[in-house]
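Examination of the molecular architecture
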Amino acid sequence: MKKAFITGIGGQDGSYLAELLLEKGYSVHGIVRRNSTPEHQQSRLDGVRNNPNLHVYYGDLLDVSGLEKLLREIQPDEVYNIAAQSHVRISYDIPQFTVQTNALGVINILEAVRTNCPNAKFYQASSSEMFGSSVDEDGFQRETTRMTPVSPYGCTKVFGYNIVRNYRNAYNLFASNGILFNHESPRRGSNFVTNKVVKAAVEIKLGLTDKLELGNLDAYRDWGHSKDYVRAMHLILQQPEPGDYVVATGVTHSVREMCEYVFAKLGLDYKDYVIQNQKFLRPEELKYLKGDSSRIRALGWEPEYTFETLMDDMIEHWVNIYKK
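What this report covers is the structure whose coordinates are included nearby. Note that the structure is a prediction, hence the values are computed from the model and not measured.

1. Topic: the packing of helix α4 (residues 95-116) against helix α5 (residues 152-171)
Taken N-terminus to C-terminus, the directions of α4 and α5 make an angle of 15°; their axes are 9 Å apart at the nearest point. One way to sum up the angle between α4 and α5 is to call them roughly parallel. As for how α4 packs across α5, the hand of that crossing is right-handed. Along its contact with α4, which presents Pro95, Thr98, Val99, Asn102, Ala103, Val106, Ile107, Leu110, Glu111 and Arg114, the element α5 presents Pro152, Tyr153, Thr156, Phe159, Gly160, Ile163, Val164, Tyr167 and Tyr171. Grouping the amino acids of the contact of α4 with α5 by side-chain chemistry returns 13 nonpolar, four polar and two charged.

Shown next, in the form of structure tokens:
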């Protein structure tokens, strides 16, 4: 039985990844950060909570001794570092914490792997935000695109990406980066724009609220489904050699187009309800992301969800929540 260790197992990606690996017969171990509302910390894992091969511990990327103790005892075959301060806009509000978690945290887990289970395969959750304002002439961003991040979050992810490559070369670790473009699901936090839009649209449809405040409506993103993207994470660690891979749908939509689609599915016109609020704008906006995932598609990965079916899945989720 293979053993996997997942940081951030209680999050959107961590929970879907845990389900995938359990289905494949893994023994899955993961850490969640302790907070004062434990009844919500592992709710995304409710579907597999009783699986005897799932083991969840309290932990933190900034607690080096805790990481080393767990890795020394578990001796995992695969380590997936998905934990992060993951909200780009909020990284402007808490830049130091974002740097500590997303940059120093990567070194901490890499060092823990290097000294306690150096034969484990390591996956780092890198991000399309690393590219920032750089776009290749054909309108895509790919593994070779220059990285010019435009947020504290993006800057920390560039550091994490590069330190993984450094440890790969310096210590001969199997350490790979998945450069994932925006990916969403019903499990996405409702302060992220996709779930914020869907949740508010359903509430408006049911008469529970009457408006939705957003920032930049003309930001374009390449949105996929987290379920598809965790399959890519696993595939990256099944390769004979480590490497770096863009994971994306190759299709881009604006926030405005998202609003138009979601509200129309509910029989509404978004123009009647959506207003722009300056407080949701970033100090430096990132206008456009679209990924070329040719390299990982050559390994057999293809997304099963489209932008439309992703939105439909999220709409159905919130409709069912409010029905209950």
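2. Details of the side chain of aspartate 13
Summarising the element assignment, aspartate 13 is placed in helix α1 (residues 12-23). The buried charged residue aspartate 13 lacks any salt bridge partner; its closest oppositely charged side chain belongs to arginine 188, at an N-O distance of 6.5 Å. A polar atom in the side chain of aspartate 13 sits 2.7 Å from the side chain of serine 226. Dropping the residues within four chain positions of it, aspartate 13 is found in contact with Ile82, His183, Ser226, Val230 and Met233.

3. What about unusual backbone geometry?
Even without a glycine there, the phi angle at glutamine 75 is positive, about 50°. Considering the arrangement of structural elements, one finds glutamine 75 in the loop between α3 (64-74) and β4 (78-81). Take glutamine 75: its relative accessible area is 36%, and that puts it in the partly exposed class. A positive phi angle is found at asparagine 172, which is not glycine, with a value near 60°. Mapped onto the fold, asparagine 172 is located in the loop between α5 and β6 (174-180).

4. Considering the layout of surface pockets
Its boundaries defined by the atoms lining it, the second largest pocket holds a volume of some 170 Å³. What lines the second largest pocket is Ser43, Arg44, Asp46, Pro186, Arg187, Arg188, Gly189, Ser190, Asn195, His317 and Trp318. When the residues that make up the lining of the second largest pocket are grouped by side-chain class, the tally is two nonpolar, five polar and four charged.

5. Details of the packing of aromatic side chains
One pass over the structure, following the stated rule, counts eight aromatic pairs. Considering the side-chain rings of tryptophan 223 and phenylalanine 307, the 6.0 Å spacing of their centres and the 35° angle between planes classify their relative orientation as tilted. Here phenylalanine 307 lies in helix α10 (residues 307-323) and tryptophan 223 lies in the loop between β9 (220-221) and β10 (224-225), a separation of 84 residues in the sequence. For the pair formed by tryptophan 223 and phenylalanine 307, the shared burial category is buried. In textbook terms, an aromatic cluster arises when at least three aromatic residues are bridged by ring pairs, as seen for Trp223, Tyr261 and Phe307. Looking at lysine 121, its charged tip hangs above the ring of phenylalanine 174, at a distance of 4.7 Å from the centre. Geometry around tyrosine 16 places arginine 187 over its ring, the cationic atom sitting 3.9 Å from the centre.

Definitions and limits used
- Residues numbered from 1 in each chain as written.
- Predicted model: local features only at pLDDT ≥ 70, side-chain atom pairs only at ≥ 80, totals over all residues.
- Heavy atoms only, no water.
- Axes fitted to C-alpha atoms, helices over the stretch in contact; angles between N-to-C directions.
- Helix = DSSP H or I, 4+ residues; strand = E, 2+ residues; numbered from the N terminus.
- Parallel < 35°, antiparallel > 145°, perpendicular 65-115°, else oblique.
- Left-handed = near helix turned anticlockwise from the far one by under 90°.
- Contact = heavy atoms within 4.5 Å.
- Nonpolar A, V, L, I, M, F, W, Y, C, P; charged D, E, K, R; others polar.
- Buried < 20%, exposed > 50% of the residue type's maximum accessible area, 1.4 Å probe, protein only.
- Lys, Arg positive; Asp, Glu negative; His and termini not counted.
- Salt bridge = Lys/Arg side-chain N within 4 Å of Asp/Glu carboxyl O.
- Polar contact = N/O pair within 3.5 Å; in protein donor to acceptor, adjacent residues only side chain to side chain.
- 1 Å grid on protein atoms, 1.4 Å probe; cavity = no way out; pocket = protein on both sides within 12 Å on 5 of 7 lines; lining within 4 Å.
- Points joined across faces, edges and corners; volume = space filled by probe spheres on them.
- Phe/Tyr/Trp six-rings, centres within 6.5 Å; stacked < 30°, edge-to-face > 60°.
- Lys NZ or Arg CZ within 6 Å of the ring centre and 35° of its normal.

Note that all results are geometric; they support no functional claim without further evidence.
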